[in-house]
Amino acid sequence: MRYRAIILASVMALAFENASAQTLDQRAAATAAAMTPAERDNLAHGIMAIPFGGFTAVPPEATLGAGYIAGVPRLGVPALRESDASLGVAWIGGLRHDGATALPSGMALGSSWDPDLERAGGLVIGAEAKAKGFNVLLAGGGNLVRDPRGGRTFEYLSEDPLLSGTLAGAAVAGVQANHIISTLKHFALNDQETARHSVDVHISDAAARESDLLAFEIEIERSHPGSVMCGYNLVNGAHDCDSDYLLNQVLKRDWGYKGFVMSDWGAVPGLQAAQHGLDQQSGSQLDAQVFFAQPLLDAAGKDQTMNARLTDIATRVMHSVYYAQLDPNQHTSNYDEKSHLALAQQAEASGVVLLRNQNDLLPLAKPKKIVVIGGYAAYGVISGGGSSQVQGKTGPAFTVPVYGPSILGGINGPEYLPSVPLDAIKARAKSTDVTYRGGDYIAEAVTAAKSADVAIVFATQWSSEGYDEPDISLPNGQDALIAAVAAANPHTIVVLETSGPVLMPWLDKTAAVMEAWFPGARGAEAITSVLFGDVNPAGHLPVTFPASLAQLPRPKLDGLDTIEPDFTGTGSKTNVPVNYDIEGSDVGYRWFVRTHAKPLFPFGFGLSYTSFTTDGLRLEQQNGKLVALAMLHNTGKRTGSGLVQLYVTDRAGKKGERLAGFEKLTLQPGDGTEVTIPVDARLLADWAGKNWHVAAGSYSFALGSDASTLSAPISIKLDDQTLAP
Ligand code: BGC
């Protein structure tokens, strides 16, 4: 693939430059030691660099963005200029008057199952951020999608620790290859937005380590993020940013993390968070007090332990500054917008998941008449709201007001990006008569559908940080619209632009369904390229689509029916307990396997215009490590990318399913190739209190075209093995 060479060059350069870890530790410690206590403390807190709400004025030298931390010029320590960047450099309501390339959502990127593409996306985001003067990116959505209703599902990548770990790790490594720092966020178990400052997750250590924490562990190993951002929620009674367990024990002790922990904005309950492992209080105007300014400095003056902590904080920040090789004289510059937009389009085209294609209606041949219906498809594609909102230079095509006015655009209503499906379809199908109906009146849409050869209904579901979806149905009567159009025209194609899984009560009546997620800056063009077969669909679901809410571990989302949706999350004064021990580490498809529930669409599912088979599974020990080998064949008539999914189905007598490895490859028709998939022993293990334990016994593996469709398993005997965290 074209982007591979760029990626390899950048990664190898960074690896070479970072080779001398010892020197890095020493340099970081020496610079921290050379600082005055006040200079050290300066690195322990930052402001939100957005002028609103009567907050501290933003200093002129700051770049307008999520955060700013002054540097120490006499020691060559650069100021830290932070921007949100989950899916591109954040738009902050257009305050900066620039724009950035909006990549498709995390779900689309997750559907690609392609770490190289993820890394290329990270490179693009990092390059744009750097050109705009930022050197710290609040990127790297590392949480698992534990609940399909989660308001930030679109910022995260999957429900599986290996898939999320691999992809988020690649994205962060791509960002940092630009010599800037990236976070991984939101550490940890930050899986719902309702009562987001007071939701208290109850989960056992073992279940956490085998699920959400494992995702972060893999992400950190693969990307060495300069910073980890702790979340708003509580875990077992302690706020993420005040959790000795999460920050000191798991992250810093067990994983040996050397970078710094920054708080989420307004997530710090008090000064004691410093002892519990928090290094930097971010967006400090949002907390009750700037605990990490004078109070931390005073405490360090009086107490040896706090003083050592303050030195450790400065050392950690410097470690990341040196690891990423931040440029102390960074200047703003330009970037190649065209190639970045091309990547956004490629990413979306790789992330579209074809869910249904009756009688091979797709790719479209040459229909005489197409009617495009609904989803504001004559005006743009939907995007996710909140701090991750990205827009191009001209801003949103339009915003649908939902919750009333707000300072940060995109928080209170769906913003559409000016990439227009109707225009893209017209441009691609020049000899076809293409018309549009808004879909407000079902009767009108039905009449238009009856007279067309093909009806394409665009359906949207908005989502934003700060709010969860109350359920997983399409809002605004779109189900009724789709059902009526599908009844009127047997060639009805549904294009879903949703944050995550939705129900499809009309599924059987439609000819084709395509999940396009939040499609990004070139979404319309990418969707069109798949509709017409210029690109072969190769996306596979990174999350399970439930058939009903009753199938979920929590059919009712905790807090949803008692707490007013509220972006600030201050709607609840008392903690809202959520019991994650119901499913434990069996998140997503693992829960469905455990409960024998049949989902609407399983994890890993995705159709293609060509066809693939996998066979020849073998298991081998290579240098003491387990490796799976299998053949992938393109048995169809088109070139396309196929996905090998390897699942472990029995771990020394413990039945269940875990994704144990995957590989995506492009093959010509008739071609076959062998793939080699190394198996991470942690996926075979249980967390045994202080380390991973692989019990002696027989382990079964199967290939899957998705998590519900597996080949006959084969087994291998493994010895008892204990692995350090
Ligand atoms: C979000 C973070 C974001 C921060 C700064 C918070 O509301 O949870 O993801 O990085 O704001 O904008």
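My aim in this report is to walk through the structure given alongside it, one point at a time. None of these values were measured; they are calculated from a predicted model. (Residues numbered from 1 in each chain as written. Predicted model: local features only at pLDDT ≥ 70, side-chain atom pairs only at ≥ 80, totals over all residues. Heavy atoms only, no water.)

Observations regarding the site of the ligand
Threshold: Any residue with at least one heavy atom within 4 Å of a molecule or strand is counted as near it. Under this definition, polar contacts are N or O atom pairs within 3.5 Å; protein pairs additionally need one hydrogen-donor-capable and one acceptor-capable atom, and for neighbouring residues in sequence, both atoms have to be side-chain atoms. Note on areas: Shrake-Rupley, 1.4 Å probe, and residue coverage restricted to the protein chains presented here. For this classification, the nonpolar set comprises Ala, Val, Leu, Ile, Met, Phe, Trp, Tyr, Cys and Pro, the charged set comprises Asp, Glu, Lys and Arg, and every other residue, Gly included, is treated as polar.
As a matter of local geometry, the ligand sits amid 13 residues, with Asp84, Arg152, His186, Asp264 and Glu465 nearest to it. Residue Asp264 places a side-chain N or O atom 2.6 Å away from an oxygen atom belonging to the ligand. Residue Glu465 places a side-chain N or O atom 2.6 Å away from an oxygen atom belonging to the ligand. Coverage of the ligand by the protein chains reaches 94% of its 310 Å² of free accessible surface. Of the residues assigned to the shell around the ligand, the class counts are five nonpolar, two polar and six charged.

A short note on the pairing of strand S11 (residues 369-373)
Condition: Between buried and exposed lies partly exposed: a residue is buried under 20% and exposed over 50% of the maximum accessible area for its type, with that area taken using a 1.4 Å probe on protein chains only. Runs of H or I in DSSP of at least four residues are treated as helices and runs of E of at least two as strands, each being numbered from the N terminus. Only strands joined by at least two bridges in the DSSP assignment are considered to pair.
Most of S11 is tucked away, with four of its five residues classed as buried. By the bridge criterion, five bridges tie S11 to strand S15 (residues 433-437) in an arrangement that is parallel. Within S15, the residue paired with Val372 across the bridge is Tyr436.

Here we look at the packing of helix H13 (residues 421-428) against helix H16 (residues 523-531)
Heads up, the rule is: With axes taken as lines fitted to C-alpha atoms, and helix axes fitted only over the stretch in contact, angles between N-to-C directions fall between 0 and 180 degrees. Angular relationships are summarised with four words: roughly parallel below 35 degrees, roughly antiparallel beyond 145, roughly perpendicular across 65 to 115, and oblique for the angles in between. Crossings are classed by handedness, with left-handed meaning an anticlockwise turn of the near helix from the far one by less than a right angle and right-handed meaning a clockwise turn. Throughout, a contact is declared for two residues whenever any of their heavy atoms are within 4.5 Å.
Two elements in contact, H13 and H16, have axes whose closest approach is 8 Å; the angle formed by their N-to-C orientations is 45°. Taken as axis vectors, H13 and H16 run oblique relative to one another. Taken as a pair, H13 and H16 cross one another with a handedness that is right-handed. Note on element contacts: H16 touches H13 through Ala524, Glu525, Thr528 and Leu531, opposite Pro421, Ala424, Ile425 and Arg428. Looking at the contact of H13 with H16 residue by residue, the classes come out as five nonpolar, one polar and two charged.

Some remarks on the side chain of Asn233
Counting through the fold element by element, Asn233 comes out in the loop between strand S6 (227-230) and strand S7 (234-235). In terms of polar contacts, Asn233 uses its side chain to reach the backbone carbonyl oxygen of Ala188, at 3.1 Å. A polar atom in the side chain of Asn233 sits 2.9 Å from the side chain of Asn190. Excluding residues that lie within four positions of it along the chain, Asn233 makes contacts with Ala188, Leu189, Asn190, Arg196, Val199, Val201, Ala238, His239 and Asp240.

Let's talk about the packing of aromatic side chains
Each pair of aromatic rings is reported with the distance of its centres and the angle of its planes. Let me state the cut-off plainly: Any two of the Phe, Tyr and Trp rings considered here, Trp counted by its six-membered ring, make a pair once their centres fall within 6.5 Å; the pair's planes then place it as stacked at under 30 degrees, edge-to-face at over 60, or tilted in between.
Tallying each qualifying case throughout the model produces 16 aromatic pairs. With a centroid separation of 5.1 Å and 55° between ring planes, the pair formed by Tyr376 and Phe398 is classed as tilted. Of this pair, Tyr376 sits in the loop between S11 and strand S12 (381-382) while Phe398 sits in strand S13 (residues 398-399), placing them 22 residues apart in sequence. Note on Phe398: relative accessible area 21%, which makes it partly exposed. Chaining the aromatic ring pairs together yields one cluster made of Trp113, Tyr589, Phe603, Tyr647 and Phe662.

Brief notes about the sheet that holds S12
An order of S12-S14-S13 is seen for the three strands of this open sheet, with the pairing classed as antiparallel. Two strands in the sheet have a free side with no partner beyond their single neighbour: S12 and S13. Both S12 and strand S14 (residues 415-417) contribute to a ladder of two bridges, which runs antiparallel. Its bridge partner lying in S14, Val381 is registered against Leu417.

What to know about helix H10 (residues 294-302)
To keep things clear, this is the line we draw: Directions from the helix axis toward the C-beta atoms define the arc.
Looking at H10, one finds that the buried residues are Leu296, Leu297, Ala299 and Ala300. The buried residues of H10 all sit within an arc of 165° when viewed along its axis, so they share a single face. Looking at H10, the residues exposed on the side facing more than 90 degrees away from the buried face are Gly301 and Lys302.

Topic: the pattern of salt bridges
Rule in force here: Only one rule defines a salt bridge in this text: a Lys or Arg side-chain nitrogen within 4 Å of an Asp or Glu carboxyl oxygen.
The final tally for this structure, using the stated rule, is 33 salt bridges. The partner of Arg309 in a salt bridge is Asp279, with the nearest N and O atoms 2.4 Å apart. Linking Arg309 in helix H11 (residues 304-324) with Asp279 in the loop between strand S9 (260-263) and H10, this pair joins segments that are 30 residues apart in sequence. Here Asp586 makes a salt bridge to Arg594, at a shortest N to O gap of 2.8 Å. Judged by its relative accessible area of 41%, Arg594 falls in the partly exposed class. Where salt bridges share partners, they join Arg146, Asp191, Asp212, Arg554 and Glu583 into one cluster.

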